[in-house]
Amino acid sequence: MLDQIKRLREQISTQLPSDIDPDGPPPTRVAVLIPAYKHSVLLAEAVESVLAQEAPFDIAAVIIDDGCPYPETGEIGRTYALAHSNVFYLRKANGGLSSARNYGIEFALRNFPDLEAVYFLDADNRITPTAIRDILNFMKSDDKVDWIYPNIDKFGIEWNGNYTTQYSRLLHLTFDNICEAGSLVSRRMLDAGVRFDESMKAGFEDWDFWLQAIGRGFLGANYPFFGFEYRQRAESMLRDSNRTREGILTYIRQKHKKLFAAETLLAWEHEETPRYAAIGMGTYAVDLFTDPTVEHAKCSLEDFVTRFWAAKAEPETFGVPPFLLWMTAAHREALTRLGLIHNLLWLGERIAQKHHFVAIRFERNNAKVGIDICKISDAEPLADKPFGWMCTFDIFSTCADDASDDWARSLHKPVPSPNVIEIVISGPFTSREMQSTALSPTNALLATLGALRDSGYRLQSRNRWLWRSVYFPNRSRYFELLRHAVGARPVMPRLAHASNPLRVGFLLPIGSFGGVEKVAYAVAQALKNAGCEVHLFLLGKPVYNRIPENDGVFKTVNFLADDYPLWGGPNQFAGHDLLMGHDEAAKAELIMGFLAGLDVVINNQAAPVNSMLGELRRRGMKVLNYVHVLDKSKMGRDAGHPYLTLAFEHVYDTILTCSRDMAEWLHGMGVPDAKLMHIQNAASYALSSKDQEAILAARRNRPQRDRLNVLFLGRLDAQKGIERLFASVRDLRQHSAPIDWKIIGSDVMDAGAGGSWKERFAEIGVHVEPPVFSSRHLNKAFAWADVVVLPSRWEGAPLTIIEAQRLGCVPIATSVGAVGELIDHGIDGLLIESTDDNVISRELTEIIMALSEDPAALRRLSEAAAERGGSLMWEHSVEPLVNQLKSWFPDRLPTLPVETTLKLVEQTVPTTPERIPSFERFPREAAPKQRDEISEIRPLQIAAAGSAHMHNLRN
Amino acid sequence: MTVQTSYKLSPVAKSLREIDLLKEPILLRMGIDHDELPEGLSKAIKILGFEGVKDDAAMLSDSSGRKFEMHEAPLCTLAVLINPVHRGREKRLLDWLKSRGVVDEPTVFEWHAGREIETAGLIIQKLASLVVFEARKITQSNRELLALRTLNDNLQNRFAAVESFVDRQGLQPFDLAFSNEPVSSSSRSNVLADASFEGVSQILPVASAGVSAIAIHFERLMQRDDTTLHAQLVTLEDMCVVESWVVPLSKLGQGWNYLGLSRTLAGLRRTLSLRLRIEGMDDEMPLLSLGGLQPLDMFQVRDAANDTPLLKNSLAMQIWCGMPGVLLPSWANYLPAQSQDTRDGGFREMPMATGILELADLSNTDEISFDFAAILPLPEERAIGCHPPSSGITIGHIPAACPPNILRISSSAVIDNEESKDVDFALVIASDIRTARQLFDEQRTPGAGEGFSGWISVAPGEEPRLNAFITEQVGVWQNIYIATRMKDNPGDNAFAWAKFRNISLMVNG
């Protein structure tokens, strides 16, 4: 008792000076706002708990009678206000809980100039006498904290919930409203305009309140010994709210769309509960991150061990990263340099959840970047030394608990006892990057395990120390909350750069040298030049055939590396098999995770991903589709991606086309004009004007010759009109025409009963050279050739024509697709209008012969072609796209010089004179060549588009 | 504004008018015709003229001038309006009211023609103060109601706890709810020696409800009588000391020592912190045993002064939960709590500390004097002697002994000599002797922050309990006054060895 009296005396003595202050009562530092509606009697209990506060500062109790129909509420409120100088009773028309709290906030701000905080106390709840004093002190002890929330101690229906864990916005958004309204809120938050949403009358208005605070950059914190007492009865407003929870949450998610965006949640995960722990090898340092390329937390190995065992003891309160990585910083940096680190972590996470351990190995390969995944077995044992290891916290935790570490120690063996998957990363690693380290990752892993097993914390009893009930999820598993929130599994761990550039993802089925890829790479380069951050996503074979000129264009390269069908599906649209989002094969969560964190996706003919674009768009991404060519089935039916585009037209914000012809086709098929954007193709690789001029000069200065150099560059298949070419070459050779042929390309294995085209050309004395991809080889080929021939059956807007023209090489092509948009017949190239194979072969022969006999015409055509080809630039072509992106994302792109003509792309095309029939202007002769565009995907599409009625043209 | 009635009240025998006056506040006028008063005032409240007293009944007149008898004091006379010319005549009315038991005399206002507004203002002021006074009374009632409701909740919880234990068929009355076994180490730090003067603190890993005993483990200690272990159990959500122990080291042993609570904790579940410190020893501090390394920072043993961890271990401890009133078996070194200040909400009776009793002294020295100490602290008897004079009263004073959250002060009244005549005893809570004197003289009823037990006559051999309830808590410390007088006054005060014994305070919460 003496103690108690002493305490009370001390309190009184501390109060006395202010009590006798001649200037009046001490300033109110905290206002407790008590909305009252139908809790007439219990209201007195709430007010009493405020009056009982033991604090060395003044606390006001503000009762806000929200138009309560019970007279008793007013009687009690008025009575307390009359009896106590620090109790205020306000009455207002009924407007709901939010409105009442806001009313109280405004009153407090207006009347208490020294106000430091407000506390929201519902009329049926209570606080202990020391609560306000302690929580205000707690809040003031950390300048970064602006609201303090309690554990939930319920009386009535008694329950005590442990809410003690470091505050996490990720948890707050994705799990539940972890902050009870009965929290202390700083004045700063109120001054910043955070208020309750008065339209929310069905509950969770407090959740919205905290989300507003988060959106303005404020943070909360839990005080474990708060002294908040929550009256729980069988029925309550909260229970009503939970009945309509989904509806309210939909409203909240819509209202705070930016907070719920994947990139926001990812950033919070990185800060609050990093997903990966990279354990240093020999350094005793641990990096904790979600995105290793962003500034992140670090700790010592000792701290990590402590956290590890704390997480084991109280998993909802303490956590460690759920995925562990052993790899040197130098190796991580090598992967970062190649843009592969995020993809590796993503793959490692995916695989580690299905297998015990993931070994990581590098292979040097300057020609490609790729991923290979294999299961370790007697047939495929581990290589000498892995470059890294990954596993889950769960597996490592089991190893730490295990009586013996023999199982884990077998990781040293070629075929370890645990189930191991190896990820082999190929790429242009430097010799230094390929060097192994003094301490192998395997030893580092086992040393970490040893540190955990030898730790004194391991001996701690398995008793639970926190007495309140578990409510929160396991803190080491917040990554699952993130996955659930963004509908992804796993989520690509890539954060937005600090400068927040616009992130554009280019989706491709494969990373080869086809026209589709080249256009995508060129547009990516142009967007990068415009200030975007561009990323490459390959959904098919996990190989990116490297083109050195493109190094550095993509910030990251990402391989899905999964069994993902690139065409087909159980649904039908206009004779095309397709996937829809709900189909299992669409792998919705996988794709959502793969593409998480982008602002814009541009689908470049990756058919199955169309099924997920709607979901991406719903989550705030802008979705573009790039359409190149209308393919044909064997029977001649139009088929391919333009039809898929019609099927999914609804989800695209914009559809890009490489030709006006394609845009017109889509418009004719029902796509609104406003959605269509024609991006004029240009040469796929850069060429300096000096180099261009040098080649053109060499051509001009070439001695007069009596032979014509004719080039074909392309796949030896039906689409490219190989039969037509063969017939023409054969005819010209039979007539001993003065033609030198260069046919560059690869055979297509299933090209029909005729066998290998390479052999057939050899039989008539023409050697077929293997495909070339580098700009140097391409320039060499175009510089050699006087003309390039493209007798294709169908095309988009072939890059070969533009690249040939740029170097003065005259194109002779069938007028299919958008070829007519690239060639002005008789001006800068020659078109063959016929569709009959025989006629086309004959015309091709005649034109080649005519040109070989008319050097002047050839020169005139060459110069016009060079002028045209040199005028096309990607920067000009993508300008409408850049402007579109700017309109969608104001302030995310730097301001670039604005062209005076908006339709520059169209205007760069020289005015077309009246077409001149080829027969009228040129004699028939010669044979064309075509450049190889290895497009592995197109035959696939054709095959599937036609189902049983179409021939499979693929190898 | 209390309703005063008497055995004379019988509605059947009274006129209708008189009954009306027992139901509503009124104004009385003296020497003023009804018509002289503004119509608005007479419409607002019933105004009756006081004409005089006849046969012990007041003669009143209504608005029409008709007179009638009033046998009972009106329920609530707000004020008396008097013609200044008639000043002095109000004594007749006030005497009549007093004879009817009215303690609060109505305020008398002079009524001046042309200054009606001022007078109305005074009436309104009086009304306003009444409203505020009533509000305070109601809030006080609410507070008491809340205390009762809390008490009821706690009883419910306690009873439910007992029921749940009763249902545990075949089980022991005690459960070991948590055990953190000692881990020996040659390099073990001595946390009590490393801690500041405030000692160490350890958060317990179980909720308060049901806790009956906490065992701590000593690895080594010197068993000395002059050194004591001070232990406190504190709830962190409201910082209440729910139990405390002061144990000489001679009573502690190596190994487990069980700090038993005076009763099993009940009520709302709280987080408990155990605080331990040693008093009377500077060297060779007892070596408290520790459990293994503790990865949870919150549960590491801490310095009680600054709440910082002393080590990365928790204390070795056992926490026992059990049924109220059950002790651990005899094999255990069971140390019962000394404190009585277990706090679980509701009303609590706290004995006045003997140290405070010793502060008592004579207050009305200007009135009485004795050759011996009229006010004599008797701490060994937990009493204060208060010798009455043969005439008048003896008033004793215990300064600042009444804390703000007091509800009631109580004391037993005894005369410690059979030859004594009867003595009257009274207790008062007041701010000063002047106020106390008014209350002892029954000149007025207690106001805010005051309390009066009334006079109780006591004969030798009797030991009635006096209770003074505080009228309204005012948030400041008050004095306690005790008084005695001879029942027959003047009377023979020889052998009148009057004592106030076992003075206690009832606090709320």
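Predicted model only: the values in this text are computed from it and were never measured.

1. Digging into the overall build of chain B
Step number 1: Check the secondary structure of chain B and you find seven helices and 31 strands.
Step number 2: In terms of C-alpha radius of gyration, chain B reaches 32 Å, well past the compact-globule figure of 23 Å for 509 residues.
Step number 3: The principal-axis extents of the C-alpha atoms in chain B amount to approximately 100 × 55 × 45 Å.
Step number 4: Classification of the 509 residues of chain B by burial places 39% in the buried group.
Step number 5: Sequence separation of 24 or more characterises 76% of the internal contacts of chain B that already satisfy a separation of 6 or more.

2. Brief notes about the domain arrangement of chain A
Buried accessible area, meaning the area lost when the parts come together, often serves as the stated size of an interface.
Step number 1: Along its sequence, chain A is carved into domain 1 (28–256), domain 2 (265–470), domain 3 (503–678) and domain 4 (689–872 + 909–940).
Step number 2: Centre-to-centre, using C-alpha coordinates, domain 1 of chain A lies 78 Å away from domain 4 of chain A.

3. Remarks on the UniProt feature "domain: Glycosyltransferase 2-like" (unreviewed entry) in chain A
Step number 1: According to UniProt, the "domain: Glycosyltransferase 2-like" (unreviewed entry) feature falls on residues 32–165 of chain A.
Step number 2: Spanning residues 32–165 of chain A, this segment combines 37% helix with 28% strand, and its end C-alpha atoms are found 25 Å apart.

4. Some details on the sheet that holds strand β1 (residues 25–30) of chain B
Residues and elements named next belong to chain B.
Step number 1: An order of β4-β3-β2-β1-β5-β6 is seen for the six strands of this open sheet, with the pairing classed as mixed. Whereas interior strands pair on both sides, the edge strands pair on one side only; in this sheet they are β4 (67–70) and β6 (107–110). In this sheet, neighbouring strand axes are inclined to one another by 35° on average, regardless of whether the strands run parallel or antiparallel.
Step number 2: This element, helix α3 (residues 90–99), spans β1, β2 (46–54), β3 (57–61), β5 (76–82) and β6 of the sheet and lies at about 90° to β2.

5. Some points on the packing of helix α30 (residues 799–806) of chain A against helix α33 (residues 855–871) of chain A
All names here are of chain A.
Step number 1: Taken N-terminus to C-terminus, the directions of α30 and α33 make an angle of 115°; their axes are 6 Å apart at the nearest point. Note that α30 runs across α33; the crossing there is left-handed. Here α30 contributes Ile 802, Gln 805 and Arg 806 to the contact with α33, which in turn contributes Ala 865, Ala 866, Arg 868, Gly 869 and Gly 870.
Step number 2: Looking at the contact of α30 with α33 residue by residue, the class counts come to three nonpolar, three polar and two charged.

6. What about the interface of chain B and chain A?
Step number 1: Contacts between the two partners involve 37 residues from chain B, matched on the other side by 39 residues from chain A.
Step number 2: Secondary structure elements with two or more residues in the side of chain B that touches chain A: α4 (116–166), β7 (174–180), β8 (200–207) and β15 (290–293) of chain B.
Step number 3: Considering every element that reaches the side of chain B that touches chain A, the biggest residue donor is α4(B), with nine residues.
Step number 4: For the side of chain B that touches chain A, a count of residues per class yields 23 nonpolar, eight polar and six charged.

Definitions and cut-offs
Position numbers for residues count from 1 along each chain, tracking the sequence in the order it is written. Just so you know, chain letters begin at A and ligand numbers begin at 1, following the order they were written in. Local features in a predicted model are, by the rule used here, given only for residues with pLDDT of at least 70; side-chain atom pairs are given and counted only at 80 or more, and totals for whole chains, interfaces and linings are based on all residues. Helix and strand definitions here come from DSSP, where helices need a minimum of 4 consecutive H or I residues and strands a minimum of 2 consecutive E residues; each element is numbered from the N-terminal end. This radius of gyration counts C-alpha atoms alone. The globule rule is 2.2 Å times how many residues there are, raised to the power 0.38. Around each residue's C-beta, the other C-beta atoms within 10 Å are counted; 20 or more make the residue buried, 12 or fewer make it exposed, and counts in between make it partly exposed. All C-beta atoms are placed from the backbone. A residue pair is marked as a contact if its C-beta atoms, positioned from the backbone, fall within 7 Å. Residue ranges for the domains trace back to a domain assignment, done automatically or taken from a database. UniProt positions are given in the numbering used here, feature names are shortened, and annotations may be inferred rather than shown by experiment. Any two strands with at least two DSSP bridges between them are considered paired. Convention adopted: a line fitted to C-alpha atoms gives each axis, helices being fitted over their contacting stretch, and angles between N-to-C directions are expressed from 0 to 180 degrees. Crossings are assigned a handedness: left-handed for a near helix turned anticlockwise from the far helix by less than a right angle, right-handed for a clockwise turn. Throughout, the ten residues Ala, Val, Leu, Ile, Met, Phe, Trp, Tyr, Cys and Pro are labelled nonpolar, Asp, Glu, Lys and Arg are labelled charged, and all others, Gly among them, are labelled polar.

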